[in-house]
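# An overview of the molecular structure
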Amino acid sequence: GITQLRFKPAYNPYTEPTMEVFSYHEGLKKWVEVGNSGVFRPELLLPMGLPENVSVIAWGLSLER
């Protein structure tokens, strides 16, 4: 039933670029955050032994973290 969504660039120290997802809540009459996503920064992946050309996405769903 989510019909109204907004996407906003955001800051996260672990991902770049980062995006937040909001949905309008009719009962609360306001926009609430329902998710966050991004691409992990390379300096976090190299210590794990992943090749430099590998990209890893991060995403999560929640209500008003």
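Keep in mind the model is a prediction, meaning the values are calculated, not measured. (Residues numbered from 1 in each chain as written. Predicted model: local features only at pLDDT ≥ 70, side-chain atom pairs only at ≥ 80, totals over all residues. Heavy atoms only, no water.)

With that out of the way, let us pick up the side chain of Ser23. Secondary-structure assignment places Ser23 in strand E2 (residues 15-25). Not counting chain neighbours up to four residues away, the residues in contact with Ser23 comprise Ile2, Gln4, Leu5, Lys30, Trp31, Val32 and Val34. (Helix = DSSP H or I, 4+ residues; strand = E, 2+ residues; numbered from the N terminus. Contact = heavy atoms within 4.5 Å.)

Bringing the pairing of strand E3 (residues 30-40) into the picture now. Where E2 lies against E3, 9 bridges are found, and the strand directions are antiparallel. What sits directly across from Met19, in E3, is Ser37. Here E2 hands over to E3 after 4 residues, with Lys29 in that stretch at a positive phi of 60°. Examined bridge by bridge, E3 and strand E4 (residues 57-61) share 5 bridges and lie antiparallel to one another. Paired with Val39 across the strands is Ile57, a residue of E4. (Pairing = 2+ DSSP bridges.)

Let us now look at the pattern of salt bridges. Taken as a whole, this structure holds 3 salt bridges when the rule is applied. As a salt-bridge pair, Lys29 and Glu26 come within 3.5 Å of each other at their nearest N and O atoms. One salt bridge connects Arg41 with Glu43, and the closest N-O pair in it is separated by 2.6 Å. (Salt bridge = Lys/Arg side-chain N within 4 Å of Asp/Glu carboxyl O.)

Moving on, we get to unusual backbone geometry. Glycine aside, residues mostly have negative phi angles, and peptide bonds mostly take the trans form. In this model, Glu16 is joined to Pro17 through a cis peptide bond whose omega is 0°. Relative to the helices and strands, Pro17 is located in strand E2.

Take the sheet that holds strand E1 (residues 5-12) next. Strand order across the open sheet formed by 4 strands is E1-E2-E3-E4, with antiparallel pairing between neighbours. At either margin of the open sheet sits one strand with a lone partner, and together these are E1 and E4. Across the sheet, the mean angle separating the axes of adjacent strands is 25° when strand polarity is ignored. (Axes fitted to C-alpha atoms, helices over the stretch in contact; angles between N-to-C directions.)

Here Glu33 lies in strand E3. Assessed through its relative accessible area of 10%, Glu33 is described here as buried. (Buried < 20%, exposed > 50% of the residue type's maximum accessible area, 1.4 Å probe, protein only.)

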